[in-house]
Amino acid sequence: MAHKPSIPKGTRDFSPAEIAKRNHILNTIKGQFQRFGFQPIETPSFENSETLLGKYGEEGDRLIFKILNSGDFISKVDDVTYSSKNSSSLAPKITDKALRYDLTVPFARYVVMHQNEIDFPFKRYQIQPVWRADRPQKGRFREFYQCDADVVGANSLLQEVEFIQLYDAVFTDLGLTGTTIKMNNRKVLSGIAEVIGAQHLLVDFTVALDKLDKIGEGKVKEEMLSKGISTAAIQKANPLFQMRGNAASQLEQLRELLEDSVIGLQGIQEMEEIISAVNTLGLRSAKLELDVTLARGLNYYTGAIFEVSAPEGVAMGSIGGGGRYDDLTGIFGLNDVSGVGISFGLDRIYLVLEELDLFPKSIGQSLQVLCLNFGTEEGLAALKLVSQMRTKGIKADMYPAATKVQKQFKYADKRNVPYVILLGAKELEENCYILKDMASGEQTTFKINDIPAFLLG
RNA sequence: GUGGUUGUAGCUCAGUUGGUUAGAGCGCUUGAUUGUGGUUCAAGAGGUCGCCGGUUCGAACCCGGUCUUCCACCCCA
């Protein structure tokens, strides 16, 4: 007897009810992507290792699933490397492919490879799974879906504005009100690092700063110190820890802090423009917030950085993120193509909607009508009726076996079918069928060729 | 990668200081009801106690390892 089957940790099976809910989210996102003029592409689930490695920082490399080479790969490894038992030197010799880690880097690769066929500015969306060799925890999986929309070849800040609207449109459609789109700007962060004299420690500085609302001012400063940022520098950065109030006043404080930083002021200018445009256009359900401590995201962001957090009261990491990257395609040899994009975390949005009970009730309804089966001859008539309904676009099915009526009704009940049809010997003789409304219990007789209009809607 | 946590029936979980035949609720099957689901009543099926090893006369329970679950850190959607 074989062992109980299992699936790798951090992966999931999806049952019909779950797929229905996931599709609800996917269709919403996809619909808005298309309305905003994005075109779909897909890329392979695995790429050459060199395409991915080194793009996400050291930590990222560790989390990339590497694919073992085929054939007798071990014999090709030289003895020194082999006996060293060092994973990092052995790995490149036995793997040259890796599973996609996100959709942005493969997209950059795609743009470079297809640059001559693409009409710029290129707006693309992409919905595919990505893989990370991470330890699973709440809302964190080793296989999960990203839904990305990016624009490359357009420098205007109005792109950023459009993406904020896109977030708003999707979450509004999903009924998820009260999301917060947090925005920051890499240039502002660079400016701060510059002003306090810690340019070379920009990443360490921002990673620590990002934790402010989570671990508090004291611990953040501790972490900065431990990363080699001087007390004087931290002192200078002090205004950041107190920054409160509306966007305008925060920008004012930043302007003061960054008065000597060209790049910092540029970042402020960008944010001002974006905020002002968004204020003019308005948002339906989300709110835009300036957050100078927002620093997540990968090293390739150069301008705006976005992160969306779930409505207050839902303990969930970010449900979306994105930003501007001026030179992502540069790493693949195509310079001066600016890109900006955002990502929706399907799996996390699912968890949030579930927690807030925001899925439409009708979502699990895979069948509108189930026709019961009373035998060979009746079954044939039933199938004829069902076929007619199907051509009219009604989700109709016939119970496949002529088992006890009770059992068939129970099945209909479980499947959550709103209408059941009875077509037995009696009805067959009289050229009619009985339609039962499962919720009210009411039964109505129809002529065999009549299909009630309310099923067609 | 670090620290902790979990695993017993299809599901949610009890299970005493280690002691005979491991329990409950829900679900499932059958019947009450041979043309009517949800409610009710009755009966029944279903368990290598995650896996491997150890201690013991005896292990679901103690010990070691391993896998898994969930949580936190790192990092991230």
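Treat the numbers as computed from the prediction; the structure is a model and nothing was measured.

## A word on the pattern of salt bridges
Logical step 1: Tallying each qualifying case throughout the model produces 16 salt bridges.
Logical step 2: One salt bridge connects K93 with D78, and the closest N-O pair in it is separated by 3.1 Å. Taken together, the residues span a long stretch of sequence, with K93 in helix α5 (residues 87-94) and D78 in the loop between β3 (66-68) and α4 (79-84) at a distance of 15 residues.
Logical step 3: Given a relative accessible area of 33%, D78 falls into the partly exposed group.
Logical step 4: As a salt-bridge pair, D397 and R390 come within 3.0 Å of each other at their nearest N and O atoms.
Logical step 5: D397 sits in the partly exposed class, given a relative accessible area of 28%.
Logical step 6: Three or more residues joined by partner-sharing salt bridges are found here, namely R12, R22 and D347.

## Notes on the packing of helix α13 (residues 247-257) against helix α14 (residues 262-281)
Logical step 1: Viewed as axis vectors pointing N to C, α13 and α14 meet at an angle of 170 degrees, and their least axial separation amounts to 10 Å. The orientation of α13 with respect to α14, classified from their angle, is roughly antiparallel. As for how α13 packs across α14, the hand of that crossing is left-handed. For the pair α13 and α14, contact is made by A247, L251, L254 and R255 and by L265, I268, M271, E272 and I275, respectively.
Logical step 2: Partitioning the contact of α13 with α14 into residue classes produces 7 nonpolar, no polar and 2 charged.

## Observations concerning the UniProt feature "binding site: L-histidine" (unreviewed entry) in chain A
Logical step 1: In this structure's numbering, the residues bearing the UniProt feature "binding site: L-histidine" (unreviewed entry) are D102, L103, T104, R132, Q146, D150, R296, Y300 and Y301.
Logical step 2: Secondary-structure assignment places T104 in helix α6 (residues 104-113).
Logical step 3: Judged by relative accessible area, T104 falls into the buried class, the value being 8%.
Logical step 4: Leave out the neighbours within four places in its chain, and T104 touches D148, D150, Y300, Y325 and L328.
Logical step 5: Residue placement: Y300 occurs in the loop between β8 (287-290) and β9 (304-309).
Logical step 6: When neighbours within four sequence positions are excluded, Y300 is seen to be in contact with K55, D102, T104, V105, R324, Y325 and L328.
Logical step 7: Of the polar contacts made by the side chain of Y300, one reaches the side chain of D102; its length is 3.1 Å.

About the criteria used
- Residues numbered from 1 in each chain as written.
- Chains lettered and ligands numbered in written order.
- Predicted model: local features only at pLDDT ≥ 70, side-chain atom pairs only at ≥ 80, totals over all residues.
- Heavy atoms only, no water.
- Salt bridge = Lys/Arg side-chain N within 4 Å of Asp/Glu carboxyl O.
- Helix = DSSP H or I, 4+ residues; strand = E, 2+ residues; numbered from the N terminus.
- Buried < 20%, exposed > 50% of the residue type's maximum accessible area, 1.4 Å probe, protein only.
- Axes fitted to C-alpha atoms, helices over the stretch in contact; angles between N-to-C directions.
- Parallel < 35°, antiparallel > 145°, perpendicular 65-115°, else oblique.
- Left-handed = near helix turned anticlockwise from the far one by under 90°.
- Contact = heavy atoms within 4.5 Å.
- Nonpolar A, V, L, I, M, F, W, Y, C, P; charged D, E, K, R; others polar.
- UniProt positions renumbered as here; feature names shortened; annotations may be inferred.
- Polar contact = N/O pair within 3.5 Å; in protein donor to acceptor, adjacent residues only side chain to side chain.

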